[in-house]
Amino acid sequence: MTTILPFPLTTEAGRPPVAEITGPPDRLLGHREALEAVVAGYGAVLVRGLDLSDEAAAAAAVRAVTGEPMDEREPFAPRAVLGPHLYSSTEWPPDQPMCMHHELSYSLRVPSRQVFVCLTAPATGGAVALADGAAVLRDLPAGLADRAQRHGWELLRTLGGPVGVDWQSAFATTDRAEVERYCAQEGITCTWRPDGTLHTRRVRPAVRRHPATGELIWFNQLAFLNEWTMDPAVREYLIFECGPDGLPFTTRFGDGTPLDRAAVDSINAVYDAHTIREPWRDGDLLVVDNLRMAHSREPYQGERRVVVALADPVDLSRS
């Protein structure tokens, strides 16, 4: 970068850029343009040194670095709502990794910015790791990438079964007609089954063009939400309990072709090759270009309090 920045910035291989800004969250107000320049250059920026010890401070910091707030819809795992447009990190077993994905990439309206604030850093692990979607696309096996680019990716969900969220929580309503209206607007096929569960299906592009740079990016949750990413024992249990057509979620290529374990493993291996990370410290704030950068959460030990916000939505329905 050639931009003169009003704060020290450290850039090293294998790490996101780290900006040093000390003081209360309102210190960010005068630095938003400079921070956006760093995000435009690197896909993310971690701000270190702020006094961010509670949810009110985290919310103020989010407001200072983003524009339009955004609510989450159709979550795959529970989150606590901590305030307007502010959430706990996804409830996920601490000893299991959460694989790389772009937030809400299954939706037509997606956040261009995702902000993480670490109120309490874990004793070990627990970093939010990042991977550049353009670099991932370039290094994927050609046949796999071509097929996904031609046909897109398909997401299948069963809501209200023995595992996963119910449809009332996912759609924030108890009105079936409202769910059907939402699905029609989003291009989602929905089917109510006799047992009361809801089955949904949608196809989305697996490769998108970044609206700011025009660069092609691998932008999906094809591997993250696929059944082969699950722990083998969990997958076997769910297939036994729910049947292969009743899994809480899985993915296929957009033409309906299933992925095998080798395909999922190859996607995750490319993500691993491009992963950057920085261990959390109390008060860290991470701003991510959600369109460019996939993110994951690594296993951890000890208490970990990280709050999350989505912002600055982009309409992908016409792209």
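All figures in this text were calculated on a predicted structure; none of them were measured in a lab.

Asks: Would you mind going over unusual backbone geometry with me for this structure?
Replies: Peptide bonds are mostly trans, and most non-glycine residues show a negative phi. Unlike most non-glycine residues, H85 shows phi in positive territory, near 65 degrees. Tracing the backbone shows H85 in the loop between β5 (81–83) and β6 (86–88). Classification of H85 as partly exposed rests on a relative accessible area of 29%. If you check the backbone angles, L104 has positive phi at about 60 degrees while not being a glycine. Topologically, L104 is positioned in the loop between β7 (98–101) and β8 (109–120).

Asks: Please clarify how the sheet that holds strand β19 (residues 293–297) should be interpreted in this entry.
Replies: Sheets are built from strands paired through backbone hydrogen bonds, the pairs being either parallel or antiparallel. On the basis of which strands lie adjacent, the open sheet formed by four strands has the order β7-β19-β10-β17 and antiparallel pairing. Of all strands in the sheet, those with a lone pairing partner are β7 and β17 (275–276), marking the two edges. Examined bridge by bridge, β7 and β19 share two bridges and lie antiparallel to one another. Residue pairing across strands places H101 opposite H295, the latter belonging to β19.

Asks: Before we go on, may I ask you to explain the packing of aromatic side chains in this structure?
Replies: In total, this model carries five aromatic pairs according to the counting rule given. Ring centres 6.0 Å apart and planes at 35 degrees place the aromatic pair W92 and F224 in the tilted group. Of this pair, W92 sits in the loop between β6 and β7 while F224 is found in the loop between β15 (216–218) and α7 (232–242), placing the two residues 132 residues apart along the sequence. F224 sits in the buried class, given a relative accessible area of 9%.

Asks: Would you explain the environment of R235 in this entry?
Replies: Examined against the element boundaries, R235 turns out to sit in helix α7. The exposure class assigned to R235 is buried, which follows from its relative accessible area of 16%. When the C-alpha positions of R235 and E278 are compared, they lie 31 Å apart, and in sequence the two are 43 residues distant. Once residues lying within four places of it in the same chain are set aside, the contact partners of R235 are E227, W228 and M230.

Asks: What am I meant to see in the pattern of salt bridges here?
Replies: When the charged atoms of two side chains with opposite charge come close together, those side chains can pair. Across all of its chains, the model carries 20 salt bridges by this definition. Note that R48 is salt-bridged to E278, the shortest N-O span being 2.9 Å. One end of the pair, R48, is in strand β3 (residues 44–50); the other, E278, is in the loop between β17 and β18 (285–289), and 230 residues separate them in sequence. Summarising the burial analysis for this pair, R48 and E278 share the class buried. Each of E12, R15, R48, E278 and D284 takes part in salt bridges that share partners, so that together they form one network.

Asks: Quick question: what am I supposed to make of the nonpolar core here?
Replies: The tendency in soluble globular proteins is for nonpolar side chains to be buried as a group. Grouped together as the largest cluster of nonpolar side chains are 37 residues, with contacts concentrated most on V136, L140, W218, L222, L259, I267 and Y271. For this core, the secondary-structure elements that each account for two or more residues are β7, β10 (128–132), α3 (133–139), α4 (142–151), β11 (153–159), β16 (249–253) and α8 (261–273). Here this core takes five residues from α8, the largest share from any one element. Apart from residues lying up to four places away in sequence, L259 is in contact with L222, N226, W228, T251, R252, F253, V264 and I267.

Scoring rules and cut-offs
Residues numbered from 1 in each chain as written. Predicted model: local features only at pLDDT ≥ 70, side-chain atom pairs only at ≥ 80, totals over all residues. Heavy atoms only, no water. Helix = DSSP H or I, 4+ residues; strand = E, 2+ residues; numbered from the N terminus. Buried < 20%, exposed > 50% of the residue type's maximum accessible area, 1.4 Å probe, protein only. Pairing = 2+ DSSP bridges. Phe/Tyr/Trp six-rings, centres within 6.5 Å; stacked < 30°, edge-to-face > 60°. Contact = heavy atoms within 4.5 Å. Salt bridge = Lys/Arg side-chain N within 4 Å of Asp/Glu carboxyl O. Core = buried A, V, L, I, M, F, W, Y, C linked by side-chain atoms within 4.5 Å.

So, to be careful, I would describe these as geometric facts and stop short of saying anything about function.
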